[in-house]
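Coordinate inspection notes
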Amino acid sequence: MGTSDARAIADGPSGVATPGLERADRAGLLRHMLLMRKAEERGLRLYKQGKIPGSFYDGRGQEAIPVGSSWALAPEDRMCILHRDLGAHFVRGVTPDRYLANYMGRSGGVTGGKDGNLHFGDPELGCVGMVSMLPDMALVAMGMALAFKQRGEARVAMTYFGEGSTANGQWHEAMNMAGVQELPVVFILENNGFAYSTPNDLEFAADPVDRASGYGFDGVHVDGNDVEAVFGAATEAVERARAGGGPTLIGCRTMRMNGHGAHDDHSYVPESELEAWGRRDPIERYRDRLAAEFGFSHDELGQIAAEVDAEIEAATEKALASPMPDPSLAFEGVYATESRRLGDGRAPWTRWSRDRDAERGHLRSRNGRSAGVTERSAA
Ligand SMILES: Cc1ncc(C[n+]2csc(CCOP(=O)(O)OP(=O)(O)O)c2C)c(N)n1
């Protein structure tokens, strides 16, 4: 694809009805996209009310990518999640109150008040803490995949990066090593048109997805505003990786509908472009599709939205009620003092939400891994 085409709206197949998704999955996909949208809207309000210091980063318009892709993973897999991928944290089981409390620097946040931002991970949920230097999470995911392969574990690492990250040399090292070693890693490229304020046509001369073949593996284009298309591509990539078929680069075309952070007025993006992408909002589109194609009633869809609203309100109250951290704990948990035995795949996934387990049960049994996962959950 040429550079002028790179900012065109459609990219890759969309409207794909994905095999393997059942009614509960579809409700879950919508619910998690809404959770991300509503949690971020609430966070932005808290920021404007002066309750969140620093800045605030959101992924409005990009919800289909983290939700659809993380839905394809099993609990034993690992994720390196970035600043616009809150939905993936939620799919893994992070709750909105822990997210909001984290931004407010409260003790109830994922980092217990040590970080007031999105640089968190919860190892018990399979999420690695974020490295801010871009795109170093790609190297971490590649390294984890190397460990899985060396230990003979059928596990997959997934990671995200923006298209701006693909200009950094570290990105090429991660891709090269993953290709040479045929590692079980899935790279998700979120092309939202801009690296901060730099548009695609000043970022690269050839679409980064097309570089995958130069590293010896597949690069696929997906409509990043179509959650089922993202899920379908991620499922194929995850299954290939788990079966020893090596990495995949999935390029998801989308648009960043807000500024880089809350401090950025986004004035460098033409209004017409935002309007066009607004008509392709991933949540609105999916809601329409659930009604038109999959028999979801107006009441059912309304109930999902109402439940999400109630969850976010309760989460906000809980986060606001969470005390500031005890200063005497500032140095606790900052450095690893013991090595936890995660190597045999027996990570303590006991906090993997039971709802999510029920929603995903059929996916795991479809993959024939039901027994192993249950056993590990109890470990
Ligand atoms: C090595 C490095 N340089 C600069 C930054 C500051 N920074 C954070 S996000 C960002 C924009 C990255 O653009 P892109 O990769 O396209 O992701 P997006 O934010 O658009 O989702 C920048 C410059 C950083 N985190 N790391």
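Structure: above.
Everything numeric here is computed off the predicted structure, so don't read it as measured data. Residue positions are counted from 1 within each chain, in the order its sequence is given. In view of the model being predicted, local features appear only for residues whose pLDDT reaches at least 70, and side-chain atom pairs are presented and counted only at 80 or more, with totals across whole chains, interfaces and linings using the full set of residues. Calculated side-chain values reflect all of the structure's heavy atoms, with hydrogen atoms and water omitted.

Structural notes on the packing of aromatic side chains
Two descriptors summarise a pair of aromatic rings, namely the distance from one centre to the other and the angle between the planes of the rings. Ring geometry is summarised as follows: Phe, Tyr and Trp rings, the Trp one being its six-membered ring, pair when their centres sit within 6.5 Å, and such pairs are stacked at plane angles under 30 degrees, edge-to-face over 60 and tilted between the two. Throughout the structure, instances matching the rule amount to eight aromatic pairs. When the ring of Phe161 is compared with that of Phe187, the centres are 6.1 Å apart and the planes differ by 40°; the resulting orientation is tilted. Here Phe187 lies in strand β4 (residues 185–191) and Phe161 lies in strand β3 (residues 157–162), a separation of 26 residues in the sequence. Only protein chains enter the calculation, and the probe is 1.4 Å; a residue is then buried if its accessible area is under 20% of its type maximum, exposed if over 50%, and partly exposed in between. When its relative accessible area of 1% is taken as the criterion, Phe161 is described as buried. Aromatic rings pair up to connect Phe161, Trp171, Phe187, Tyr215 and Phe217 into one cluster. One residue, Arg26, lies across the ring of Phe294, its end atom 3.7 Å from the ring centre. Only runs of H or I of at least four residues qualify as helices and only runs of E of at least two qualify as strands under DSSP, and these elements are numbered from the N terminus. A ring is scored as having a charge over it whenever the NZ atom of a lysine or the CZ atom of an arginine sits within 6 Å of its centre and within 35 degrees of its normal.

Overview of the environment of Ala174
Tracing the backbone shows Ala174 in helix α7 (residues 169–181). With relative accessibility at 0%, the residue Ala174 sits in the buried group. Along the backbone, Ala174 and Met137 are 37 residues apart, and their C-alpha atoms lie at a distance of 9.3 Å. Setting aside chain neighbours within four positions, we find Ala174 in contact with Ala138, Leu139, Met142 and Phe187. Contacts are residue-level and defined by heavy atoms, with any inter-residue pair within 4.5 Å sufficient.

Focus on helix α11 (residues 282–294)
Considered for burial, the residues of α11 that qualify are Pro282, Ile283, Tyr286, Arg289, Leu290 and Phe294. Down the axis of α11, the smallest arc covering the buried residues is 125°, so these residues share one side. Residues Asp288 and Ala292 are exposed on α11 and point more than 90 degrees away from its buried face. Taken together, the buried residues of α11 touch α2 (23–48), α3 (64–70), α9 (227–242) and α12 (298–321). Any pair of N or O atoms that falls within 3.5 Å is considered a polar contact. Within protein, one atom must be able to donate a hydrogen and the other to accept it, and sequence-neighbouring residues count only if both atoms are side-chain atoms. The N-cap of α11, judged by a side-chain oxygen 2.9 Å from the amide nitrogen of Ile283 a few residues on, is Asp281. Once α11 finishes, Gly295 follows within two positions and takes phi at roughly 70°, a positive value. The directions from the helix axis to the C-beta atoms form the arc being described.

As for the site of the ligand
Residue proximity to a molecule or strand is established when one non-hydrogen atom of the residue lies within 4 Å of it. Close to the ligand lie 15 residues; His83, Arg84, Ser132, Gly164 and Phe194 are nearest. Here Ser165 contributes a backbone N or O atom positioned 3.1 Å from an oxygen atom of the ligand. Points on a 1 Å grid, built from protein atoms alone, make a cavity when a 1.4 Å probe fits but cannot get out and make a pocket when they are open with protein on both sides within 12 Å along at least 5 of 7 lines; residues with an atom within 4 Å of a point are the lining residues. Whether a molecule sits in a cavity or pocket is decided by its atoms, more than half of which must lie within 2 Å of the grid points. Under a 2 Å grid-point criterion requiring more than half of the atoms, the pocket assigned to the ligand is the second largest pocket. Residues are grouped as follows: Ala, Val, Leu, Ile, Met, Phe, Trp, Tyr, Cys and Pro are nonpolar; Asp, Glu, Lys and Arg are charged; every other residue, Gly included, is polar. In the shell around the ligand, the residues fall into five nonpolar, seven polar and three charged.

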